Amino acid sequence: MLDKSTKSGNVNFSQEEIARFDALAETWWDPKGKFKTALDFNKARLEVIESQIRSHFTCQESSTPFSNLSIIDIGSGGGLISEPLASKGAAVTGIDASAVSVQVAKRHAKQSNVDVEYRHQLSSEVVKEGRQFDVVINAEVVEHVPDQKQLINECASMVKPGGLLILATLNRTVKSFVIAIVGAEYIMRYLPIGTHDWRKFVTPKELINWVGDDFKVQHQVGMKLNPFTSTWHTTSSLAVNYIQAYANQQQV
């Protein structure tokens, strides 16, 4: 049996974290549920992700602008990112260490009549298969794994030459502790207490170093919640939630 937190060889996940997300999985898609704020956050985050994909690949305006692109969503959860991108024509693979989340995502995609390849799988297993993608997305995952550098290295290795790597996480700042831990978990109860460990938050500089020299940051932006309107919007501050988009500069 695996230890609660394991980082050796190809295994890079925490049993405790997986159990936590198993418990959340059934509620991810409920627009009236207790994680409504998380759904609103995902909507704003998706706008940034889709904008970066459109810009990088100069996608044509249509109902399926991503029809020629292969995308992998690492830590796909209930499919909140995978499914919308697949609905726009992309060939999307979603992988997650939580078997429960994978089943929830599969069920929702079937109900929505959207084709997504969901797998109960770790990123290290995809790397072993030698698969590469036009777009690799890792959103709000790196702060939940034991070996963060390994995960980011694996994500980078999956990006095709000329492709796009999109990373989203929480910055390790005093402000993020106050907002994301004290505010979101203890005061507002947007997330269950213990969802995040501030010590596992990652600075933008750390991500840049882990991604490596083959990549160049082409866009980075923060995400901010307006407490009065309960809506999310982008901000120039990377102090709490932020997204980075990296271009793979290797020759195609």
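The preceding data block contains the structure.
Since this is a predicted model, take the numbers as computed values, not measurements.

Cut-offs applied
- Residues numbered from 1 in each chain as written.
- Predicted model: local features only at pLDDT ≥ 70, side-chain atom pairs only at ≥ 80, totals over all residues.
- Heavy atoms only, no water.
- Helix = DSSP H or I, 4+ residues; strand = E, 2+ residues; numbered from the N terminus.
- Rg over C-alpha atoms; globule rule 2.2 N^0.38 Å.
- Buried < 20%, exposed > 50% of the residue type's maximum accessible area, 1.4 Å probe, protein only.
- Contact = heavy atoms within 4.5 Å.
- Areas by Shrake-Rupley, 256 points an atom, 1.4 Å probe, with all protein chains shown as cover.
- Lys, Arg positive; Asp, Glu negative; His and termini not counted.
- Charge placed at Lys NZ, Arg CZ, Asp CG, Glu CD.
- Core = buried A, V, L, I, M, F, W, Y, C linked by side-chain atoms within 4.5 Å.
- Salt bridge = Lys/Arg side-chain N within 4 Å of Asp/Glu carboxyl O.
- Phe/Tyr/Trp six-rings, centres within 6.5 Å; stacked < 30°, edge-to-face > 60°.
- Pairing = 2+ DSSP bridges.
- Axes fitted to C-alpha atoms, helices over the stretch in contact; angles between N-to-C directions.
- Polar contact = N/O pair within 3.5 Å; in protein donor to acceptor, adjacent residues only side chain to side chain.

### A look at the overall build of the chain
The secondary structure content of the chain amounts to eight helices and ten strands. The C-alpha atoms of the chain give a radius of gyration of 17 Å, which matches the 18 Å a tight globule of 252 residues would have. Each principal axis of the C-alpha distribution contributes one length, and for the chain these read about 50 × 40 × 35 Å. Taking all 252 residues of the chain together, the buried fraction comes to 52%. In the chain, 69% of the contacts between residues at least 6 apart in sequence involve partners at least 24 apart. Here the chain displays about 12200 Å² of accessible surface, and carbon together with sulfur accounts for 52% of that area. Counting 26 positive and 27 negative side-chain charges, the chain places the centres of these two groups 4 Å from one another.

### Notes on the nonpolar core
With 35 residues, the main nonpolar core has I53, I71, L85, I137 and I166 as its most contacted residues. Only α2 (36-57), α3 (82-87), α4 (99-112), β6 (133-139), β7 (159-170), β8 (215-226) and β10 (241-248) provide two or more residues apiece to this core. A per-element tally of this core places α2 first, with six residues. Contact partners of I71, with chain neighbours within four places excluded, come to I53, L85, A90, A91, V92, T93, F133, V135 and I137. One finds V136, V159, W210 and L238 within the second-largest nonpolar core, a separate group that totals 25 residues.

### Considering the pattern of salt bridges
In total, this model carries nine salt bridges according to the counting rule given. A salt bridge links K88 to E50; its shortest N-O distance comes to 3.6 Å. One end of the pair, K88, is in the loop between α3 and β4 (91-96); the other, E50, is in helix α2, and 38 residues separate them in sequence. A relative accessible area of 13% means that E50 is categorised as buried. One salt bridge connects R199 with D197, and the closest N-O pair in it is separated by 3.0 Å.

### Thoughts on the packing of aromatic side chains
Under the counting rule described, the total for this entry stands at two aromatic pairs. Ring centres of F177 and W198 lie 6.2 Å apart, and the angle between their planes is 90 degrees; this geometry places the pair in the edge-to-face category. Placement of the pair is F177 in helix α7 (residues 174-187) and W198 in the loop between α7 and α8 (204-211), with a sequence separation of 21 residues. You can call F177 partly exposed: its relative accessible area is 37%. You can call W198 partly exposed: its relative accessible area is 29%.

### Some thoughts on the sheet that holds β6
In space, the eight strands of this open sheet follow the order β5-β4-β3-β6-β7-β10-β8-β9, with mixed pairing throughout. A strand with exactly one partner marks an edge of an open sheet, and here the two such strands are β5 (117-120) and β9 (231-235). Adjacent strand axes in the sheet meet at a mean angle of 20 degrees when their direction is disregarded. Bridging between strand β3 (residues 70-74) and β6 involves four bridges; their strand directions are parallel. Along β6, the bridge assignment pairs I74 with N138.

### Observations concerning helix α6 (residues 148-157)
Among the ten residues in α6, seven count as buried, and that is most of the element. Measuring from the backbone nitrogen of Q150 back to the side-chain oxygen at the start of α6 gives 3.0 Å, which picks out D147 as the cap.

### Observations concerning the environment of V221
The residue V221 is located in strand β8 in this model. A residue is classified by how much of its surface remains accessible, and V221, at 11% relative accessible area, is buried. Look past the residues within four positions of V221 in its chain and what remains in contact with it is V48, T234, T235, L238, N241, Y242 and I243.

### Points about the environment of A97
In this fold, A97 is placed in the loop between β4 and α4. Considered as a pair, A97 and S76 are 21 residues apart in the sequence and their alpha carbons are 9.1 Å apart. With residues up to four places along the chain from it excluded, the contact list for A97 reads I18, H120, Q121 and L122.

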